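Next come the chains, spelled out residue by residue.
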Amino acid sequence: MAKIFCVANQKGGVGKTTTTVNLAAGLAKLNQRVLLVDLDPQGNATMGAGINKATLKASTYEVLLGTADVASAVLRSEAGRFDVLPANRELAGAEVEMVQLENRERRLRDALALAAKDYDFMLIDCPPALSMLTLNGLCAAHGVIIPMQCEYYALEGLSDLVNTIKKVHANLNPDLKIIGLLRVMFDPRMTLSQQVSAQLEQHFGDKVFKTIIPRNVRLAEAPSYGMPGVTFDPTSKGAQAYIAFGAEMVKRIKKM
Ligand code: ATP
Ligand code: MG
């Protein structure tokens, strides 16, 4: 049965999609069967996996509204060697259309449950908002991975996210936990990065992943080739870090 993780942070541009795509590819390298779920109307994870978001026959949108099932909407990322439930801007409409549906927070969870036996991991790339879409992600997941940049404003907004996760845990999904905070786009030459990183360790202890993802231009270039950084340039520092992160995740969930 698949373990399901949400990659979430309501801040924009903090590395959610880069983390989701490269963790998926990293886990695939470890022979795990992975489904990446694109829950963001921007469709960046879809594109980053090498799938054209403009020509989708079915997507996360149809799955949430119940007009397609996961198995029929899934496409293969040949570059990353994982499956993708793709998304595009249509998904923005689901936010409004789901309001009238019953069980609207649990639609993704119910849909993914039917495919859970086909995968070891499902990774959900959330949009930069604490919206109905993100709520669906949190209701579907066993755990949340929170990517964070080690900068001055990093901790601001974190409490809103943590409170939302607590509320979902209490009211909608008792399985939900914070798996960990992942330090991304890390620049070791910056004193501030070091300070914020140390602060995170102090406050959150072993909830902070040991692996640190450095700022690495190869990770930023990879999406324009429709490839995860991990496969685009496997020897780059960024790719190596995400492969190590995959191994850390596998280890961590064995304890869950
Ligand atoms: P959004 O909130 O819009 O969904 P996001 O949180 O998914 O954004 P990404 O799209 O993953 O963030 O990253 C934002 C930008 O930073 C992208 O251009 C990406 O290529 C770049 N980036 C992410 N991680 C790294 C890294 N470790 N090194 C260099 N560039 C990175
Ligand atoms: Mg994104």
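First, a word on what this report is: a plain description of the structure on this page.

## Remarks on the sheet that holds strand β1 (residues 3–7)
Thought 1: Reading across the sheet, the eight strands line up as β3-β4-β2-β5-β1-β6-β7-β8 and stay open at both edges, with mixed pairing between neighbours. Each of the sheet's edge strands pairs with one partner strand only, and the pair in question is β3 (75–77) and β8 (208–214). Sheet twist, expressed as the average angle between the axes of neighbouring strands with direction ignored, equals 25°.
Thought 2: Note that strand β6 (residues 143–149) and strand β7 (residues 177–186) share seven bridges and pair parallel. Bridged to G143 within β7 is K177.
Thought 3: Across the sheet, helix α8 (residues 158–171) lies against β6 and β7, angled at about 180° from β6, the strand it touches most.
Thought 4: Those strands touched by helix α9 (residues 191–204) are β6, β7 and β8, and its axis lies near 170° from that of β7.

## As for the site of ligand 1
Thought 1: The full set close to ligand 1 counts 18 residues, and G13, K16, T17, T18 and N216 are the nearest of them.
Thought 2: Between ligand 1 and G13 there is a distance of 2.9 Å, counted from an oxygen atom to a backbone nitrogen or oxygen.
Thought 3: Contact distances for ligand 1 include 3.2 Å between an oxygen atom and a side-chain N or O atom of Q42.
Thought 4: Within the complex, 80% of the 620 Å² of free accessible area of ligand 1 lies under protein.
Thought 5: For the shell around ligand 1, the secondary-structure elements that each account for two or more residues are α1 (16–29), β8 and α10 (217–221).
Thought 6: In terms of residues, the shell around ligand 1 owes the most to one element, α1, which gives three residues.
Thought 7: Class assignment of the residues belonging to the shell around ligand 1 gives a composition of seven nonpolar, seven polar and four charged.

## Some points on the environment of Q42
Thought 1: Tracing the backbone through its elements, the reader meets Q42 in the loop between β2 (34–38) and α2 (44–48).
Thought 2: Owing to a relative accessible area of 40%, Q42 belongs among the partly exposed residues under this scheme.
Thought 3: Taking C-alpha positions, Q42 is 33 Å from K254, a pair spaced 212 residues apart along the chain.
Thought 4: Non-local contacts of Q42, meaning those with residues more than four positions away in its chain, are made with K53 and P128.
Thought 5: A polar atom in the side chain of Q42 sits 2.8 Å from the side chain of D40.

Conventions and cut-offs
- Residues numbered from 1 in each chain as written.
- Chains lettered and ligands numbered in written order.
- Predicted model: local features only at pLDDT ≥ 70, side-chain atom pairs only at ≥ 80, totals over all residues.
- Heavy atoms only, no water.
- Pairing = 2+ DSSP bridges.
- Helix = DSSP H or I, 4+ residues; strand = E, 2+ residues; numbered from the N terminus.
- Axes fitted to C-alpha atoms, helices over the stretch in contact; angles between N-to-C directions.
- Contact = heavy atoms within 4.5 Å.
- Near = heavy atom within 4 Å.
- Polar contact = N/O pair within 3.5 Å; in protein donor to acceptor, adjacent residues only side chain to side chain.
- Areas by Shrake-Rupley, 256 points an atom, 1.4 Å probe, with all protein chains shown as cover.
- Nonpolar A, V, L, I, M, F, W, Y, C, P; charged D, E, K, R; others polar.
- Buried < 20%, exposed > 50% of the residue type's maximum accessible area, 1.4 Å probe, protein only.

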